[in-house]
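Letter by letter, the chains look like this.
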Amino acid sequence: MAPTIDRQGYWGRPTSTLEWCEENYVVSFYIAEFSVGVGSWCFHMTLLYEMQLLDELPMIYSTCVFVYCLYECFKQENSISLFPIVLLLIFSVSVTLVYLQWKEPVFHQVMYGVLVACLVMRSIFIVTWVYPWLRALCYTSLGVFLLGFLLWNIDNIFCDSLRASRQMMPPGVGVVTQFHAWWHIFTGLGSYLHILLSLQIRSTYLKYRPKVKVCIVTFIGYPFSKIITRL
């Protein structure tokens, strides 16, 4: 984690239980750290505990939605299974209540890791035994996400060394070593690819003909799923 000695800014002393390796209030008096996403932006900008919850708890809720979609992908149309919905709701509420009382970030990280592990195991099962032609998309999603996780750990473990090295680098080069930012980029991309995978699985089961295409926008290619017709 980041050293505790940092310049003060508009939002005062950080009250969050986590603080990252990016130097605080370097660019702006009003922004401690930069990030993407509404909750994540509020957390990194203020480093306040309340904003930390706005960032971390939605990670649990949104991943529960991913888990439900992937584990229910072989259901008939217009059918709803109440048991997994109730189970995931209980899990989300329990994690929320415990985390509000026990301000231990490792607890949140473990609970989030459990949900991600459920997604990984289900995805590997499907591309191994049901739709093997989707392995490339599955393993690309997993690899990109794991790369982000690796950089997140490097940023946490070697923060002091990274900060010292940035002092000797040109500003444009030092920005590239903000590995927590890369964590957001790669995990976001990995999650997006996993959503494509879920769409491919569900659409194939419903006998559509989905196809992953790449759209080129401003010289940056991003994949998307196009459902052509029903078989």
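Residues numbered from 1 in each chain as written. Predicted model: local features only at pLDDT ≥ 70, side-chain atom pairs only at ≥ 80, totals over all residues. Heavy atoms only, no water.

> Is there a simple way to explain the overall build of the protein chain in this structure?
Of the regular secondary structure elements, the protein chain holds eight helices and two strands. The order of helices and strands in the protein chain, counted from the N terminus, is α-α-α-α-α-α-α-α-β-β. Relative to its full complement of 231 residues, the protein chain shows a buried share of 42%. Partitioning the contacts of the protein chain with sequence separation of at least 6, the portion at a separation of at least 24 is 57%. (Helix = DSSP H or I, 4+ residues; strand = E, 2+ residues; numbered from the N terminus. Buried < 20%, exposed > 50% of the residue type's maximum accessible area, 1.4 Å probe, protein only. Contact = heavy atoms within 4.5 Å.)

> Help me out: how do you make sense of the UniProt feature "binding site: Zn(2+)" (unreviewed entry) in the protein chain in this one?
Mapped onto this numbering, the UniProt entry gives "binding site: Zn(2+)" (unreviewed entry) at His44, His180 and His184. The largest pairwise C-alpha distance within this set of annotated residues, which runs over 141 residues, is 12.0 Å, so the set is compact in three dimensions. Residue placement: His44 occurs in helix α1 (residues 38–46). Under the relative-accessibility criterion, His44 is labelled buried at 1%. For His44, the contacting residues outside a window of four places in its chain are Trp20, Ala32, Glu33, Phe34, Ser35, His180 and His184. With respect to the helices and strands, His184 occurs in helix α8 (residues 179–205). For His184, the contacting residues outside a window of four places in its chain are Ser35, Val36, Ser40 and His44. A polar atom in the side chain of His184 sits 3.2 Å from the side chain of His180. (UniProt positions renumbered as here; feature names shortened; annotations may be inferred. Polar contact = N/O pair within 3.5 Å; in protein donor to acceptor, adjacent residues only side chain to side chain.)

> What exactly am I supposed to notice about the side chain of Glu72 here?
Note on placement: Glu72 falls in the loop between α2 (49–71) and α3 (82–101). For the buried Glu72, no salt bridge is present, and the opposite-charge side chain at shortest range is Lys75, 4.1 Å distant. Ignoring any residue separated from it by four or fewer positions in sequence, one finds Glu72 in contact with Ser81, Pro84 and Arg202. (Lys, Arg positive; Asp, Glu negative; His and termini not counted. Salt bridge = Lys/Arg side-chain N within 4 Å of Asp/Glu carboxyl O.)

> Hey, could you run me through the environment of Ile126 in this one?
With respect to the secondary-structure elements, Ile126 resides in helix α4 (residues 105–129). Taking the C-alpha atoms as reference, Ile126 lies 10.0 Å from Tyr71; in sequence the two are 55 residues apart. The residues touching Ile126, leaving out its near neighbours within four places in the chain, are Leu70, Cys73, Phe74, Tyr131 and Ile201.

> Quick question: what am I supposed to make of the UniProt feature "transmembrane region" (unreviewed entry) in the protein chain here?
Mapped onto this structure's residue numbering, the UniProt feature "transmembrane region" (unreviewed entry) falls at residues 57–74, 81–100, 106–129, 136–154 and 181–201. For residues 106–129, the helix share is 100%, the strand share is 0%, and the end-to-end C-alpha distance is 34 Å. Secondary structure content for residues 181–201 is 100% helix and 0% strand, while the C-alpha to C-alpha distance between its ends is 30 Å.

> Is there a simple way to think about the confidence of the model for the protein chain in this case?
Low pLDDT marks regions whose predicted coordinates should not be analysed in detail. This prediction gives the protein chain a mean pLDDT of 87; 89% of its residues lie at or above 70. Predicted confidence for residues 1–5 stays below pLDDT 50, and this span has 15 contacts to residues more than four positions away or in other chains. (pLDDT = per-residue confidence, 0-100.)

> Just checking my understanding: could you explain a nonpolar patch on the surface for this structure?
On the surface, a cluster of nonpolar side chains totalling about 460 Å² of accessible area is made up of Tyr10, Trp11, Phe29 and Tyr30. Of note, Tyr30 is situated in the segment before α1. (Patch = residues over 30% accessible without salt bridge, like charges linked within 9 Å, V, L, I, M, F, W, Y side chains within 5 Å. Areas by Shrake-Rupley, 256 points an atom, 1.4 Å probe, with all protein chains shown as cover.)

> How do you make sense of the packing of α2 against α4 when you look at a structure like this?
In the contact formed by α2 and α4, the axes pass within 10 Å of each other and the chain directions differ by 20 degrees. It follows that α2 is roughly parallel to α4 by the angle criterion. Note that α2 runs across α4; the crossing there is left-handed. Residues Glu56, Leu57, Met59, Ile60, Thr63, Cys64, Phe66, Val67, Leu70 and Tyr71 of α2 lie in contact with α4, whose contacting residues are His108, Met111, Tyr112, Leu115, Val116, Cys118, Leu119, Arg122, Ser123 and Ile126. (Axes fitted to C-alpha atoms, helices over the stretch in contact; angles between N-to-C directions. Parallel < 35°, antiparallel > 145°, perpendicular 65-115°, else oblique. Left-handed = near helix turned anticlockwise from the far one by under 90°.)

> Explain α4 here, please?
It helps to recall that an α-helix has 3.6 residues per turn; residues three or four apart then point in one direction. With 25 residues, α4 should reach 36 Å at 1.5 Å per residue; the first-to-last C-alpha distance of 36 Å fits that figure. Of all the residues in α4, the buried ones are Pro105, Phe107, His108, Met111, Tyr112, Leu115, Val116, Leu119, Arg122, Ser123, Ile126 and Val127. In this structure, the buried residues of α4 make contact with α2, α3, α5 (135–157) and α8. (Expected span 1.5 Å × (residues − 1).)

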